[in-house]
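Observations on the three-dimensional arrangement
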Amino acid sequence: MKVAITGMGIISSIGNTVEENFHSLVSLKTGLSTISNIETIHKDIIKVGEIKLTNEQLAEQLNLPSDNNYSRTALLGAIAAKQAVENAKISDMNAYKSGLISATSVGGMDMTEKYYYEYFENEACQKYITSHDIGDNSQKIANCIGLKGMVTTISTACSSAANAIMLGARLIQSGELDRIVVGGTDALAKFTINGFKTLMILSDDYNAPFDNNRKGLNLGEAAAFLVLESETIVKNENKEVLAYVTGFGNANDAFHQTASSENGDGAFLAMNKAFKMAKIQPSEIDYINAHGTATPNNDLSEGRAIIRIFGENVPDFSSTKPFTGHTLAAAAGIEAVYSVLALQNNVVYPNLNFKTNMEEFNLTPQLTLKEKEIHHVLSNSFGFGGNCSTLIFSKN
Amino acid sequence: MNDVLFPEFIKNASKTIGLEYPKFFKMDNLSKLAFLGAEAILKDNIDLENENDIALVFANKSSSLDTDVKYQDSISDTENYFPSPAVFVYTLPNICVGEISIKHQLKTENAFFVFDDFKPDFMSNYASYLLESGKTEKVLCGWVEYYKNEYKAFVYLVEKLGTIAHDKQNIQTLYNK
Amino acid sequence: MEALKQELKSKIIEVLNLEDIAIEDINDNDPLFGDGLGLDSIDALELIVLLDKEYGIRLADPKQGKAIFESIETMAAYIAENRTK
């Protein structure tokens, strides 16, 4: 099982391109700050991974007409997808059987929550009615990259982009498609900020994954896409392969709608499945990019699952959410990009903001930027609804 | 528009199926619909002693929109502002699949797609792939759509041996009924 | 205090969608979580919202809820002492 990644694109609070993101990661520069684009009563309390560009600036980058009806989610998604396609040196999107699988949880909600109550009186904002649907988001992204093939949308909370990558890899492996753009996008919205606040899992400080005194997560916004292509295309067009998707797994925790089971059953099963598919041993993993949201519940559950799989020999691991915040449906997408960058540059990113070991077990994340040979990276993403996904990326 | 209002419909359906699950009434309408659809099939097809290898592949058109609106209402009045955690939980379409997993302890692969229409091709390909690659023994597939009292649940179980052939034609025919 | 307890029972049934449970079925000292009414963590969060909405009490730390929501008795006592509405 081996599917080639030939392109990637990303926009997040730590950079508007792949290079910028990488630079921030190795310079230990976080993208967390107080929120400025949204008027919310929680403004001064929460920290978020906000992209400091207005919708107008994003639309300009895409050369969209001023009367467009793109939600912020679609804008971010289109920018990242275009970058990925360019990075993969694709000149004719439809030269092969192609598709797009996008993932999102917010969709057009960022606009809907602004204009919903005005829809009857204010004609000017009615254009956002049709852009609410997550399907519309994906279609807009497809239009921006000139794709005429298959388009579908996955919405499984925080594991969405991982599931998009999984399905994309399967479609290439089975020969259904030769080329597919996969990933996710989510913009910040009051809807999500208030929702997470009422579940009492937002921190009023910078998130500290796997720290004993962690208080919760910081939300973020981002978009990231990968281009996956078949061996045929790679050979015919002499494509540079950035890395390979070599294993993946998805399992349900079957415990609670929003909390993870004590022993991380879903996480354990997902990781197990990924190893089976990749046909490698846990000892061959050089770096784990953890889901690590810094909620009391996730880190305990994920930590336990990691110990169940790796035993005494847990490889270097870190969560990159102290850099970007938790970008929900885009999380697995941006973390896939970071995983590929780790493989290409032989580097392990530090887990920022960590001070004290969790009392429940002996797990210390990587605390400094570390250079070493990296052949296999494991990336975890766990979503509400018990949806647990694991991806394994490899150099060869 | 369905003739019967959803609350009445779902209460009657749960009684007909003989459901006894207190957590049922906390679910949002989409989850109740999906849950009961699944229950109708699973109650005769589930092994109570051992772990069941049944993957879940569901899809719909409106995602969790009906509940999204309810949630939005709870944060719309700046004077009277009380976001509801219980409602927020259901503002994702895949939670309904999570509920089915929790009840029957299905720790299997699960996916939720959003399409503008029911796609028998896609569903049959996905389910076949899971069965043929040995990833799972059975696949519970469903199209569960709920928006403002327009509701439809089409749930079916696919496994290697059975009475009705699993192909696009049959799926579409059953859906149309 | 009696009136407050009755009011609480009725509000809890409504807010938590406790179907088939009447006010008479809830005893003042029955445990609300775990074995008693079988409420879960999301229900606890809803009760925190209830405290704020109906009685003007804001809880900053969800862990405080454990002691307060032990039973109708403990809830009523806490509310009587801390309500601002």
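Residues numbered from 1 in each chain as written. Chains lettered and ligands numbered in written order. Predicted model: local features only at pLDDT ≥ 70, side-chain atom pairs only at ≥ 80, totals over all residues. Heavy atoms only, no water.

Looking at an unreviewed UniProt entry, chain C carries the name Acyl carrier protein, with the source organism given as Flavobacterium aquaticum. Quoted straight from UniProt, the Subcellular location (unreviewed entry) entry for chain C says "Membrane". (UniProt positions renumbered as here; feature names shortened; annotations may be inferred.)

On to the overall build of chain C, then. Scanning chain C from terminus to terminus reveals four helices and zero strands. N-terminal to C-terminal, the α/β element order of chain C is α-α-α-α. A compact globule built from 85 residues should have a C-alpha radius of gyration of about 12 Å, and chain C, at 12 Å, falls within 12% of that. By principal-axis analysis of the C-alpha atoms, chain C measures approximately 30 × 25 × 20 Å. Counting the 85 residues in chain C, one finds 42% classified as buried. Within chain C, contacts between residues separated by at least 24 positions form 58% of all contacts whose residues are at least 6 apart in sequence. Accessible area for chain C stands at about 4,600 Å²; split by element, carbon and sulfur atoms hold 47% of it. (Helix = DSSP H or I, 4+ residues; strand = E, 2+ residues; numbered from the N terminus. Rg over C-alpha atoms; globule rule 2.2 N^0.38 Å. Buried < 20%, exposed > 50% of the residue type's maximum accessible area, 1.4 Å probe, protein only. Contact = heavy atoms within 4.5 Å. Areas by Shrake-Rupley, 256 points an atom, 1.4 Å probe, with all protein chains shown as cover.)

This paragraph deals with helix 2 (residues 41-55) of chain C. Residues and elements named next belong to chain C. Between the first and last C-alpha of helix 2 there are 21 Å, a value that for 15 residues agrees with the 21 Å anticipated at 1.5 Å per step. For helix 2, a buried count of 12 out of 15 residues is recorded, marking the element as mostly surrounded by other parts of the structure. Within helix 2 the residues assigned to the buried category are Ile-42, Asp-43, Ala-44, Leu-45, Glu-46, Leu-47, Ile-48, Val-49, Leu-50, Leu-51, Asp-52 and Tyr-55. With its phi angle positive at about 65 degrees, Gly-56 sits one or two positions after the end of helix 2. (Expected span 1.5 Å × (residues − 1).)

Residues and elements named next belong to chain A. Viewed as axis vectors pointing N to C, helix 3 (residues 72-87) and helix 5 (residues 134-144) meet at an angle of 35 degrees, and their least axial separation amounts to 9 Å. Handedness of the helix 3/helix 5 crossing: right-handed. The segment helix 3 lies against helix 5, with Thr-73, Ala-74, Gly-77, Ala-78, Ala-81 and Lys-82 engaging Asn-137, Lys-140, Ile-141 and Cys-144. The class makeup of the residues in the contact of helix 3 with helix 5 is five nonpolar, three polar and two charged. (Axes fitted to C-alpha atoms, helices over the stretch in contact; angles between N-to-C directions. Left-handed = near helix turned anticlockwise from the far one by under 90°. Nonpolar A, V, L, I, M, F, W, Y, C, P; charged D, E, K, R; others polar.)

With that out of the way, let us pick up the interface of chain A and chain B. The partner chain B presents 41 residues to the 43 residues of chain A that form the contact. Summed over the shared surface of chain A and chain B, the result is two salt bridges. The partner of Glu-109 of chain B in a salt bridge is Arg-170 of chain A, and the shortest N-O contact between them spans 2.7 Å. For the pair chain A and chain B, the number of links is 21 residue pairs in polar contact (both at pLDDT 80 or more). (Salt bridge = Lys/Arg side-chain N within 4 Å of Asp/Glu carboxyl O. Polar contact = N/O pair within 3.5 Å; in protein donor to acceptor, adjacent residues only side chain to side chain.)

Formed by 83 residues in total, the largest nonpolar core has its most connected members in Phe-196 of chain A, Phe-24, Phe-58, Ile-100 and Leu-140 of chain B together with Met-75 of chain C. No other element matches helix 2 (residues 29-42) of chain B, which puts eight residues into this core. Sequence-distant contacts of Leu-140 of chain B, defined by excluding residues within four places in its chain, comprise Ala-38, Ile-41, Leu-42, Ile-54, Ala-55, Leu-56, Val-57, Phe-58, Val-155, Tyr-156 and Leu-157 of chain B. Counting 73 residues, the second-largest nonpolar core is a separate cluster that includes Ile-14, Leu-228 and Leu-343 of chain A together with Tyr-126 of chain B. (Core = buried A, V, L, I, M, F, W, Y, C linked by side-chain atoms within 4.5 Å.)

This model, assessed by the stated rule, comprises 27 salt bridges over all chains. Between Glu-39 of chain A and Lys-43 of chain A there is a salt bridge, with its nearest N and O atoms 3.3 Å apart. Look at Lys-43 of chain A and you get partly exposed, because its relative accessible area is 25%. One salt bridge in this structure joins Arg-308 of chain A and Asp-265 of chain A, with 2.9 Å as the shortest N-O distance. Residue Arg-308 of chain A is located in helix 10 (residues 296-310), and its partner Asp-265 of chain A is located in helix 9 (residues 265-278); the two are separated by 43 residues in the primary sequence. A single network of salt bridges, built from pairs that share partners, joins Glu-2, Lys-5, Lys-9, Asp-28 and Glu-73 of chain C.

This part covers the interface of chain B and chain C. Counting residues at the interface gives 11 residues for chain B, matched by 14 residues for chain C. Between chain B and chain C, a total of about 1,000 Å² is buried, with carbon and sulfur atoms accounting for 61% of that surface. By the criterion of area lost to chain C, the three top residues of chain B are Phe-25, Lys-26 and Phe-82 of chain B, representing 56% of everything that side buries. Linking chain B with chain C are two salt bridges, by the criterion used here. Between Asp-43 of chain C and Lys-26 of chain B there is a salt bridge; the shortest N-O distance is 2.5 Å. Counting every contact that joins chain B to chain C gives four residue pairs in polar contact (both at pLDDT 80 or more). Counting residues per element, the side of chain B that touches chain C draws most heavily on helix 4 (residues 85-89) of chain B, which supplies four residues. Class assignment for the residues of the side of chain B that touches chain C results in seven nonpolar, one polar and three charged. (Buried area = accessible area lost by both parts, 1.4 Å probe.)

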